[in-house]
Amino acid sequence: MRVANAEQALEILSDNDVIWCQSMAATPYKLLQGLAEVALQRRNMTLLQLHTEHSEVLSDPALQGHLRQRAFFVGKSTRAAVNEGLADYVPIFLSEIPKLFRSGEQPLDAVLIQVSAPDAHGNCSLGISVEATRAALQVAKKVIAWVNPKMPRTHGDSFIHVSQIDRYFEEAAAMPIHERPAQSKITTRIGERVAELINDGDCLQMGIGAIPDATLACLGNHKDLGIHTEMFSDGVLPLVQSGVINNSRKRKHRGRIVTTFAMGSQQLYDFVDDNPQCAFLDVEYTNDTSVIRQNKQVMAINSALQVDVTGQVCADSIGTKVYSGVGGQMDFVRGASLSEGGRSVIALPATACGGKVSRITSLLAPGAGVVTTRAHVHFVVTEYGVANLRAKSLTERATALIHIAAPQFREQLAREAQNDWGLKVHI
């Protein structure tokens, strides 16, 4: 049923409804703005989500008792609310979220989505973000959509027929643009070091940000690279255009880029629009370890906030303050490890706070979340070097990691490794 605006579309929501919101750059933020108004007339609704764009309005304290956000991944829009107790954070592997919905472990009453205009056959597309929304659509009782003619039409698991949408409104609006971050000497050097670990024929997983972009910029002389990832951004485009990324050696989806969402520039969105070379698939599939491992030479490249000298990786919090989420890091670190010839990299700057704080530490900050365990870590890379932790003892790990810490912290780290862990490190 077509209606005039978001508020009318949302009128079918009821007290106590549990709602899933399509996330990332496809966030139906026009619906969320309407939800902030409609929720004031309801009680005890819950909004489940990943990172959402332009959703700050839902953190209004006036919504307490009416609507509470429950984030499986925390972003800029929800970070303050989560850390102030106005919203909830649920640590979970990204691959597990669809299973919660399909099994009924997490009941769903409604789904909010942003889709492309229907084609000649009545099919709309979820566009640049499928993630767990495909699973949510399969189980929810009410589907509410913002039809945006500017949403790219993507291939894969993204299609929904207009007849399956209970209420929708139409409004054209530009997709959220994420400009490529500026490179520094540090991120450039890290990218160079990571690129040195990548071989011809590797199947890459990477995220968004300066380090992935710096790494991709160094791969112009490589051959036959593939992409199987949970997300990608603009850094892959020059390599696709030059033929470096051709997906020719992949065992799964040969010849195609596999992802579950994309985020970046309008050029990126134009590239994925109606492009059968790009498959946007359910995250339960893209991040399934048993699927990832079927490709040879999987190279998983992820980041961290802090790494201790034994190799424990904190990636979702700064101490007790939640910063992001578990996401798909472990899905791909483990999948890469099980892949024939596969490897994984945790890449991070050696310091934070303008060089005042070492990200390589003897102990993680109190409350820090271990996303990737010391048993799973393979390579750790900073601008100062590469530490290979695979099959290494605690002493060997501490030695390798301290040698890639910023020089001004190495002696202190060696002393702390001795005091905290009883490890004798020679620097």
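The rules behind these values
Residues numbered from 1 in each chain as written. Predicted model: local features only at pLDDT ≥ 70, side-chain atom pairs only at ≥ 80, totals over all residues. Heavy atoms only, no water. UniProt positions renumbered as here; feature names shortened; annotations may be inferred. Helix = DSSP H or I, 4+ residues; strand = E, 2+ residues; numbered from the N terminus. Rg over C-alpha atoms; globule rule 2.2 N^0.38 Å. Buried < 20%, exposed > 50% of the residue type's maximum accessible area, 1.4 Å probe, protein only. Contact = heavy atoms within 4.5 Å. Areas by Shrake-Rupley, 256 points an atom, 1.4 Å probe, with all protein chains shown as cover. Lys, Arg positive; Asp, Glu negative; His and termini not counted. Charge placed at Lys NZ, Arg CZ, Asp CG, Glu CD. Pairing = 2+ DSSP bridges. Phe/Tyr/Trp six-rings, centres within 6.5 Å; stacked < 30°, edge-to-face > 60°. Salt bridge = Lys/Arg side-chain N within 4 Å of Asp/Glu carboxyl O. Polar contact = N/O pair within 3.5 Å; in protein donor to acceptor, adjacent residues only side chain to side chain. Domains from an automatic or database assignment. Buried area = accessible area lost by both parts, 1.4 Å probe. Nonpolar A, V, L, I, M, F, W, Y, C, P; charged D, E, K, R; others polar.

Under an unreviewed UniProt entry, the name given to the chain is 4-hydroxybutyrate CoA-transferase, and the organism recorded is Pseudidiomarina homiensis. Recorded in UniProt under Sequence similarities (unreviewed entry), the annotation for the chain is "Belongs to the acetyl-CoA hydrolase/transferase family."

**Details of the overall build of the chain**
Looking only at helices and strands, one finds 14 helices and 28 strands in the chain. Scaling as 2.2 N^0.38, a compact globule of 427 residues should have a C-alpha radius of gyration of about 22 Å, and the chain matches this with 22 Å. Counting only C-alpha atoms, the chain reaches 70 × 50 × 40 Å along its principal axes. Classification of the 427 residues of the chain by burial places 58% in the buried group. For the chain, contacts bridging at least 24 residues in sequence account for 71% of all contacts bridging at least 6. Accessible surface computed for the chain: about 16,500 Å², of which carbon and sulfur atoms make up 49%. For the chain, the distance from the average site of its 41 positive side-chain charges to the average site of its 43 negative ones is 6 Å.

**A word on the UniProt feature "domain: Acetyl-CoA hydrolase/transferase C-terminal" (unreviewed entry) in the chain**
Sites flagged by UniProt as "domain: Acetyl-CoA hydrolase/transferase C-terminal" (unreviewed entry) map to residues 264–417. Annotated as residues 264–417, this span is 28% helix and 26% strand, and its ends, taken at the C-alpha atoms, are 41 Å apart.

**Details of the pairing of strand S22 (residues 343–347)**
Extensive coverage of S22 is indicated by the burial of 5 of its 5 residues. Here S22 shows no split at all, with Arg343, Val345 and Ala347 on one side and Ser344 and Ile346 on the other all buried. In terms of strand pairing, strand S17 (residues 298–303) meets S22 through 5 bridges, oriented parallel. Its bridge partner being in S22, serine 303 is matched across the sheet by alanine 347. As judged from the 3 bridges shared by S22 and strand S27 (residues 379–382), these two strands associate in the parallel manner. Pairing of valine 345 across the sheet is with phenylalanine 379, part of S27.

**A few points about the side chain of serine 125**
Following the sequence through the fold, serine 125 ends up in strand S6 (residues 123–125). Under the relative-accessibility criterion, serine 125 is labelled buried at 0%. Leave out the neighbours within four places in its chain, and serine 125 touches Gln114, Val115, Ser116, Met151, Pro152, Arg153, Thr154, Ser158 and Phe159.

**Some thoughts on the packing of aromatic side chains**
Counted by the stated rule, this structure contains 4 aromatic pairs. When the centroid spacing of 5.3 Å and the interplanar angle of 65 degrees are considered together, the rings of tryptophan 20 and phenylalanine 101 count as edge-to-face. Placement of tryptophan 20 in strand S1 (residues 18–21) and of phenylalanine 101 in helix H4 (residues 97–103) is noted, with a sequence separation of 81 residues between them. Just as tryptophan 20 is buried, phenylalanine 101 falls in that class too.

**Some points on the pattern of salt bridges**
Summed over all chains, the structure comprises 16 salt bridges. Here arginine 189 ties to glutamate 192 by a salt bridge, and the two come within 3.0 Å at their closest N and O atoms. In this pair, arginine 189 and glutamate 192 both sit in helix H6 (residues 185–195), 3 residues apart, roughly one turn of the helix. Residue arginine 189 is classed as partly exposed on the basis of its relative accessible area of 29%.

**A short note on the pairing of S27**
By the alternation rule, side chains of S27 split into Phe379 and Val381 and Val380 and Thr382, which are all buried. With 4 bridges joining them, S27 and strand S28 (residues 385–388) adopt antiparallel strand pairing. The residue of S28 that forms the bridge with phenylalanine 379 is asparagine 388. Two successive antiparallel strands, S27 and S28, enclose a turn made up of 2 residues.

**Looking at the sheet that holds strand S16 (residues 278–280)**
Here we have 3 strands laid out as an open sheet, ordered S8-S16-S14, and parallel in their pairing. Each edge of the sheet is formed by a strand with only one pairing partner; in this case those strands are strand S8 (155–156) and strand S14 (257–259). Relative to S16, S8 is paired through 2 bridges, and the arrangement is parallel. Pairing of glycine 156 across the sheet is with phenylalanine 280, part of S16.

**Concerning the UniProt feature "domain: Acetyl-CoA hydrolase/transferase N-terminal" (unreviewed entry) in the chain**
UniProt annotation of "domain: Acetyl-CoA hydrolase/transferase N-terminal" (unreviewed entry) refers to residues 66–171 when read in the numbering used here. With 21% helix and 29% strand, residues 66–171 has its two end C-alpha atoms placed 27 Å apart.

**A word on the side chain of aspartate 17**
Within the secondary structure, aspartate 17 sits in the loop between helix H1 (6–9) and S1. A distance of 2.7 Å separates a polar atom in the side chain of aspartate 17 from a polar atom in the side chain of lysine 142. Setting aside anything within four residues of it in sequence, one finds aspartate 17 in contact with Ile12, Asn44, Met45, Thr46, Asp109 and Lys142.

**Examining the domain arrangement of the chain**
Under the domain assignment, the chain is made up of domain 1 (6–170) and domain 2 (185–421). Taking the mean C-alpha position of each, domain 1 and domain 2 sit 28 Å from one another. The contact between domain 1 and domain 2 buries some 2,700 Å² in all, and 59% of this surface belongs to carbon and sulfur atoms. A per-residue breakdown of the area domain 1 buries against domain 2 is headed by Leu94, Ile128 and His155, which together make up 22% of the total. Among the ionic pairs, aspartate 274 bridges to arginine 153, the shortest N-O distance being 2.8 Å. Taken together, the connections running from domain 1 to domain 2 amount to 19 residue pairs in polar contact (both at pLDDT 80 or more). Along the lines of polarity and charge, the residues of the side of domain 1 that touches domain 2 split into 16 nonpolar, 9 polar and 8 charged.

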